Amino acid sequence: MIAKLKGQYGSGICEANTYLGQNYMVVDPSIVSDLLQILRNREQFDYCVDITAVHYPEREKQFDVLWILYSFSKNERIRVKIMIADGESVPSAVSVWATANWLEREVYDMFGIRFDGHPDLKRILLPDGWKGYPLRKDYGIIQQDQEWVKANLGIESGQ
Amino acid sequence: MTDRTMFDLKPTDPKPADDKYLSHLELGEPDKTFLDTNELVINMGPQHPATHGVLRVILKLDGEKVLGTECVIGYLHRGVEKIAENRTYTMFNPYVDRMDYVAAVSNGLGYCEAVEKLLNIEAPPRAKYIRVILTELNRLASHQLWLGTHALDIGAMTPLFYTFRDREEILKIFEKYCGARLTTHAFRIGGCQYETYEGFERDVVKFLDFVPPKIDEYEELLTTNRIWLERTKNVGVISRADAIALGVTGPVLRASGVKWDLRKAQPYAAYSDFDFEVPIGANGDTYDRYTVRMEEMRQSLRIIRQAVEKIPEGPIMAKVPKVMKPPVGEIYHSIEAPKGELGYFIVSDGSTQPYRVRIRPPSFVNLQALDIMVRGALVADVIAVIGTLDIVLGEVDR
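Counting secondary structure elements, chain A contains four helices and seven strands. On the principal axes, the C-alpha backbone points of chain A span a range of 60 × 30 × 30 Å. The buried share of chain A, taken over its 159 residues, is 52%. Long-range contacts, defined as pairs at least 24 residues apart, comprise 45% of the intrachain contacts of chain A with a sequence gap of at least 6.

It is worth spelling out the overall build of chain B at this point. In terms of regular secondary structure, chain B is built from 16 helices and eight strands. In terms of principal-axis extent, the alpha carbons of chain B reach across some 85 × 50 × 40 Å. Burial analysis of chain B (398 residues in total) assigns 60% to the buried set. Long-range contacts, defined here as pairs at least 24 residues apart, represent 72% of the contacts in chain B between residues at least 6 apart. Carbon together with sulfur atoms contributes 55% to the accessible area of chain B, which is approximately 16,200 Å² in total. Across chain B, 49 positive and 56 negative side-chain charges occur, with their mean positions spaced 5 Å apart.

Moving on: the environment of Phe274(B). Residue and element names in this part refer to chain B. Here Phe 274 shows up in the loop between α11 (262-265) and α12 (286-310). Residue Phe 274 is classed as buried on the basis of its relative accessible area, which comes to 6%. Taking C-alpha positions, Phe 274 is 21 Å from Pro 315, a pair spaced 41 residues apart along the chain. The residues touching Phe 274, leaving out its near neighbours within four places in the chain, are Tyr 129, Val 132, Ile 303, Gln 306, Ala 307 and Lys 310.

Looking now at the sheet that holds strand β7 (residues 340-348) of chain B. Residues and elements named next belong to chain B. Strand order in the open sheet formed by three strands is β6-β7-β8, with antiparallel pairing between adjacent strands. Only two strands of the sheet have a single partner each, and these edge strands are β6 (329-337) and β8 (356-360). Going from strand to strand, the sheet's axes swing by 15 degrees on average, the running direction of each strand aside. With five bridges connecting them, β7 and β8 associate as antiparallel partners. Pairing of Ile 346 across the sheet is with Val 357, part of β8.

Here we take up the packing of helix α1 (residues 2-9) of chain A against helix α2 (residues 32-41) of chain A. Residue and element names in this part refer to chain A. Put simply, α1 and α2 touch, their axes get as near as 12 Å, and they point 145 degrees apart. As α1 packs across α2, the resulting crossing turns out to be right-handed. Listed contacts from α2 to Leu 5, Gln 8 and Tyr 9 of α1 are Asp 34, Leu 35, Ile 38 and Leu 39. Each residue belonging to the contact of α1 with α2 can be placed in one class, and the counts come to five nonpolar, one polar and one charged.

Our next topic: the domain arrangement of chain B. Residues and elements named next belong to chain B. When cut into domains, chain B gives domain 1 (4-72) and domain 2 (80-397). Just the C-alpha atoms count here: the centres of domain 1 and domain 2 sit 38 Å apart. Across the boundary between the two partners, domain 1 contributes 18 residues, which contact 18 residues of domain 2. When the buried surface of domain 1 facing domain 2 is broken down by residue, His 52, Glu 64 and Val 66 rank first, second and third, together holding 36% of it. Taken together, the links from domain 1 to domain 2 amount to four residue pairs in polar contact (both at pLDDT 80 or more). Those elements giving two or more residues to the side of domain 1 that touches domain 2 turn out to be β2 (56-62) and β3 (65-72). A per-class count over the side of domain 1 that touches domain 2 returns ten nonpolar, six polar and two charged.

One pass over the structure, following the stated rule, counts 23 aromatic pairs over all chains. Ring plane angle 10 degrees and centroid distance 5.5 Å describe the contact between Tyr47(A) and Phe72(A), whose orientation is recorded as stacked. On the criterion of sequence distance, the pair formed by Tyr47(A) in strand β3 (residues 47-55) and Phe72(A) in the loop between β4 (63-71) and β5 (76-84) is long-range, its members being 25 residues apart. In this pair, the class of Tyr47(A) matches that of Phe72(A), namely buried. With a centroid separation of 5.2 Å and an interplanar angle of 55 degrees, the aromatic rings of Tyr70(A) and Trp260(B) are classed as tilted. Separated into two different chains, Tyr70(A) in strand β4 and Trp260(B) in the loop between α10 (251-255) and α11 make up a pair that spans both.

Contact residues are listed per partner, giving 48 residues for chain B and 48 residues for chain A. By the criterion of area lost to chain A, the three top residues of chain B are Lys82(B), Glu330(B) and Tyr355(B), representing 17% of everything that side buries. There are eight salt bridges connecting chain B and chain A. The residue Lys122(A) makes a salt bridge to Glu70(B) at a minimum N-O spacing of 2.5 Å. Linking chain B with chain A are 29 residue pairs in polar contact (both at pLDDT 80 or more). With five residues, the single largest contributor to the side of chain B that touches chain A is β6(B).

All names here are of chain B. On the surface, Leu 152, Met 157 and Phe 161 cluster together into a nonpolar patch covering about 300 Å² of accessible area. Summarising the element assignment, Phe 161 is placed in helix α6 (residues 158-178). Under the relative-accessibility criterion, Phe 161 is labelled exposed at 52%.

Quick look at the pattern of salt bridges now. Residues and elements named next belong to chain B. Tallied over the full model, the rule gives 42 salt bridges over all chains. Residue Lys 176 is joined to Asp 203 by a salt bridge in which the shortest nitrogen-to-oxygen separation is 2.8 Å. Of this pair, Lys 176 sits in helix α6 while Asp 203 is found in helix α7 (residues 200-222), placing the two residues 27 residues apart along the sequence. We classify Asp 203 as buried; its relative accessible area is 15%.

This part takes up the packing of helix α5 (residues 125-154) of chain B against α6(B). Residue and element names in this part refer to chain B. As a packed pair, α5 and α6 sit with axes 9 Å apart at the nearest point and diverge in direction by 155 degrees. Taken together, the axes of α5 and α6 lie roughly antiparallel to each other. Judged by the twist between their axes, the crossing of α5 over α6 is left-handed. Among the residues making up the contact of α5 with α6, the classes are represented as 16 nonpolar, five polar and two charged.

Reading the values: rules and limits
Residues numbered from 1 in each chain as written. Chains lettered and ligands numbered in written order. Predicted model: local features only at pLDDT ≥ 70, side-chain atom pairs only at ≥ 80, totals over all residues. Heavy atoms only, no water. Helix = DSSP H or I, 4+ residues; strand = E, 2+ residues; numbered from the N terminus. Buried < 20%, exposed > 50% of the residue type's maximum accessible area, 1.4 Å probe, protein only. Contact = heavy atoms within 4.5 Å. Areas by Shrake-Rupley, 256 points an atom, 1.4 Å probe, with all protein chains shown as cover. Lys, Arg positive; Asp, Glu negative; His and termini not counted. Charge placed at Lys NZ, Arg CZ, Asp CG, Glu CD. Pairing = 2+ DSSP bridges. Axes fitted to C-alpha atoms, helices over the stretch in contact; angles between N-to-C directions. Left-handed = near helix turned anticlockwise from the far one by under 90°. Nonpolar A, V, L, I, M, F, W, Y, C, P; charged D, E, K, R; others polar. Domains from an automatic or database assignment. Buried area = accessible area lost by both parts, 1.4 Å probe. Polar contact = N/O pair within 3.5 Å; in protein donor to acceptor, adjacent residues only side chain to side chain. Phe/Tyr/Trp six-rings, centres within 6.5 Å; stacked < 30°, edge-to-face > 60°. Salt bridge = Lys/Arg side-chain N within 4 Å of Asp/Glu carboxyl O. Patch = residues over 30% accessible without salt bridge, like charges linked within 9 Å, V, L, I, M, F, W, Y side chains within 5 Å. Parallel < 35°, antiparallel > 145°, perpendicular 65-115°, else oblique.

This is the structure in structure tokens:
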């Protein structure tokens with residue numbers, strides 16, 4: 001499968017490897033939209049397990065965005081990873097897997113990564129008016145949106 | 001669902017209090033809402049006994065018919081994933097118990113196994129068997145709690161008392177084993193902290209003999225009960241294709257006819273040693289999810305019996321470094337929790353603290369299916385569907 005995809009995309013697939021028995025590939029953000037559709041339709045990865053992100057503030061391309069996919073017919077998992085800079089957006093996978101809807105909203109909520117073509121991209125776990133993205137590394141563990149806390153809870157601090 | 005304005009809940013213009021009645025009289029005719037069929041948007045929750053926690057569902061109704069829903073979640077958000085980044089691997093272990101607090105043992109199993117994989121160690125066979133016994137007991141406890149509350153929501157009060165009575169026996173075993181009933185923190189990275197107590201096997205076997213007639217008792221109350229059938233048959237139907245597209249897992253997926261269980265598909269712990277069936281449903285309705293879970297309880301008992309009979313002697317803890325520094329890398333490990341696939345994606349940067357822990361909660365993903373399951377149904381069915389999805393808000397919000 002990897003060989004076939006490599007033949008199709010060439011250098012678009014930067015790395016395809018196995019770590020601790022788990023397959024993953026790092027791809028170029030420009031092909032990820034196509035690639036996810038191909039994985040879903042041609043390679044039968046019909047179940048999108050999870051979408052998540054990791055923040056590396058010291059890197060030029062600060063974020064890893066990951067799709068963890070599973071195929072019922074092959075009983076196989078694969079992780080697709082892209083690297084993007086702060087402010088770059090990612091193509092939404094809602095039209096490929098309906099489950100991507102809430103998962104992408106959570107990534108947006110926690111990291112501030114925007115998904116192009118998402119039908120209703122808004123915060124999911126935090127309140128709508130909240131400022132800041134808590135899972136970024138520069139967000140402190142006891143940091144809060146004090147303004148929001150004061151306006152909505154009427155207290156100085158949420159602690 | 002996609003139309004944001006559909007659910008905008010704008011309050012009507014506030015009028016001065018003393019002007020209220022007068023202005024109404026001046027209108028000269030009754031309010032238009034009387035006997036017309038305007039769409040109505042109402043709020044269910046977040047404080048509502050049937051939402052199983054602080055879940056708010058905005059319902060768009062036409063009379064009694066549901067046109068659409070939107071879930072508002074996050075009331076219990078504690079930032080578990082952020083906490084993980086600021087704790088060592090060992091220190092974070094008890095936190096995972098607080099997500100799905102009715103199945104804390106499963107959460108701990110998933111986390112410990114994920115870190116073990118990252119460290120490239122394996123728990124000894126005896127520890128794996130103890131893990132299987134406790135996890136399956138916990139699955140049973142979780143399903144019993146689900147059955148009691150779900151039946152109560154639909155109007156059957158008796159099963160609640162029956163299931164809580166029998167669940168107590170499981171919690172007693174947990175308490176004797178590790179001192180806690182709910183947030184057990186039963187496992188450690190590399191195995192188990194505690195050897196089984198004197199008489200553990202006897203207690204478990206006693207429970208295995210005690211509970212099957214009780215499960216028959218629950219079934220006697222419900223399975224052929226006419227009211228139960230009316231309330232659950234063809235309610236909250238989700239097709240096989242929709243279930244897969246929405247990523248639902250666990251009993252909800254199996255009731256839609258997908259024979260998929262991680263314990264069989266990608267066995268972890270010691271599950272490959274045991275013989276058990278994966279029950280599936282045909283229609284994907286609330287009744288099927290009920291029968292699937294009932295059968296799962298019996299299969300859990302089968303697994304526990306085999307595990308108790310075959311439990312090997314030996315150490316319960318692998319050789320684990322005092323200071324855990326997993327090599328740089330990423331791992332995704334998932335287990336079949338009572339609610340579905342519970343996954344941990346852990347990134348290590350080679351230090352003592354995880355760089356990132358992502359938890360893939362089954363309840364969160366399953367809850368997303370609520371909208372498709374209740375469209376066109378009645379308000380009372382929303383209650384039934386929330387119950388049948390078996391969500392725990394502590395896990396949805398993390």
